[in-house]
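Understanding the architecture of this molecule
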Amino acid sequence: MNTYAPLDICFERGEGACLYDNQGTEFLDALSGIAVCGLGHCHPAVTQAIQQQAEKLLHTSNLYCIQNQQQLAEQLCNISGMDRVFFSNSGAEANEAAIKLARLYGNQQNIENPSIIVTDGSFHGRTLATLSATGNRKVQAGFEPLVHGFIRAPYNDIDAIKSIAQNSINTVAILVEPILGEGGVKLPDENYLSELRRICDENNWLLMLDEIQTGMGRTGQWFAFQHSKIKPDVMTLAKGLGNGVPIGACLAQGKAAELFQPGNHGSTFGGNPLTCAAASAVIDTISADNLCQRAEQLGNKMLKAFTAQLDSVAAVKSIRGKGLMLGIELDRDCTELVAKALQQNCLINVTAGNIVRLLPPLILSDQQADRIVEIVSKLIKDFLN
Ligand SMILES: *Cc1c(COP(=O)(O)O)cnc(C)c1O
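Residues numbered from 1 in each chain as written. Predicted model: local features only at pLDDT ≥ 70, side-chain atom pairs only at ≥ 80, totals over all residues. Heavy atoms only, no water.

1. Describing the packing of aromatic side chains
Taken as a whole, this structure holds 3 aromatic pairs when the rule is applied. For the ring pair Tyr155 and Tyr192, a centre distance of 5.3 Å and an interplane angle of 65° mean the geometry is edge-to-face. On the criterion of sequence distance, the pair formed by Tyr155 in the loop between strand E6 (150-153) and helix H7 (158-167) and Tyr192 in helix H8 (residues 192-203) is long-range, its members being 37 residues apart. Taking the relative accessible area as the measure of exposure, Tyr155 reaches 13% and is therefore buried. For Tyr192, a relative accessible area of 1% corresponds to the buried category. When the ring of Phe223 is compared with that of Phe225, the centres are 6.1 Å apart and the planes differ by 5°; the resulting orientation is stacked. Classification of Phe225 as buried rests on a relative accessible area of 3%. The residue whose ring lies beneath Arg13 is Tyr20, and the NZ or CZ to ring-centre distance is 4.2 Å. (Phe/Tyr/Trp six-rings, centres within 6.5 Å; stacked < 30°, edge-to-face > 60°. Helix = DSSP H or I, 4+ residues; strand = E, 2+ residues; numbered from the N terminus. Buried < 20%, exposed > 50% of the residue type's maximum accessible area, 1.4 Å probe, protein only. Lys NZ or Arg CZ within 6 Å of the ring centre and 35° of its normal.)

Okay, structure coming up:
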């Protein structure tokens, strides 16, 4: 159906940070399929894991033990400190699981109409519950009635959360992105997550982090919450988890990890042997190649270089980011930069209308990083002139 308005270009092949169209022209990918291909395109370790698993077994159903799923869950718990994992096929489904967990948590305490605090500018997915949680009217418009049970607060506003805590008797959880992705690479104050953690503890709420975009090494740690000294009760992942193979996950720890019992939730495809084999290879590779550290170093370097290039440009309002999640905010709409970048053989993204967003693969070389800075800086300057 007509859900996207794709650009007039088809890619046929990819290797590392490069894509090749059907004429064989090379493009530098500074978007990674929106933070999906963190290891770049067709990483040999992931390709091999998929090939080997495809020759052995694709699907059996969660009615039986799935060893690859068990192994991936253990790896995820090891790197996150969480206790249990539910596997889905996408980010929205991972968030659906989180929302169901919060409701179950409230209903088990006999809280009537349990509600979840969500923020302005957030993006949580396109299913009915997740679009209702999303803080962007464009995502919701036309799909009313929305799902009830969400309380909206401004992003990065602890006082607003405190005020809800004082006035609401049915709040059970907060669902928030550690950095707004689709909302424009917005970084909250340094103590935002630790303050949210404290408020959740005081009020017996679940802290649920949507790390679908920020997770899997993107910001310089496995998960963005690890920059703060806290742990969420629930965390959702997808995008970078499978490097292109569709897989999502909802992780939980402590009391939240014991809520779901057989029959409460499920998925036919979720956690199947193929996708889990691919995600295990992703985790092994990020570990072996120190790619979290690499993302941090390269991200800092690119941020510096962009600042040197664009800081004096009046129409550039802010240059920011964490790890390889970078945003350049202009004072005007710049959606047309996506097509202009493509003419320079470079894939970028513009989100929230006026924010150039870069999510290059973590395996980017120094030269490729320099090239992206050069192309994008020049594009922005030319565009503003
Ligand atoms: C992409 C994204 C989602 C939705 O993931 P899908 O796999 O498209 O359903 C949810 N939350 C965040 C933060 C995202 O970036």
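2. What about the sheet that holds strand E11 (residues 316-322)?
Remark on secondary structure: sheet strands pair via backbone hydrogen bonds, oriented parallel or antiparallel. Taken in spatial order, the 4 strands of this open sheet run E11-E12-E15-E14, and their pairing is antiparallel. Each edge of the sheet is formed by a strand with only one pairing partner; in this case those strands are E11 and strand E14 (349-351). On average, each strand axis in the sheet is inclined to that of its neighbour by 25°, with strand direction left out of account. Bridge count for E11 against strand E12 (residues 325-330) is 6 bridges, and the pairing is antiparallel. Paired with Gly321 across the strands is Leu326, a residue of E12. Packing against the sheet, helix H10 (residues 291-310) makes contact with E11, E12 and strand E15 (355-358), and its axis sits at approximately 170° to E11. Its contacts with the sheet put helix H12 (residues 366-384) on E11, E12 and E15, and the angle it makes with E12 is roughly 15°. (Pairing = 2+ DSSP bridges. Axes fitted to C-alpha atoms, helices over the stretch in contact; angles between N-to-C directions. Contact = heavy atoms within 4.5 Å.)

3. Points about unusual backbone geometry
Of note, the bond from Glu144 into Pro145 is cis; its omega dihedral lies within 30 degrees of zero at 0°. Here Pro145 is to be found in the loop between helix H6 (137-140) and E6. If you check the backbone angles, Ser61 has positive phi at about 105° while not being a glycine. For Ser61, the position within the fold is in the loop between helix H2 (44-56) and helix H3 (67-80). Judged by its relative accessible area of 17%, Ser61 is buried. Here Asn290, not a glycine, exhibits a phi torsion of approximately 50°, which is positive. Among the structural elements, Asn290 can be located in the loop between helix H9 (273-288) and H10. Note on Asn290: relative accessible area 47%, which makes it partly exposed.

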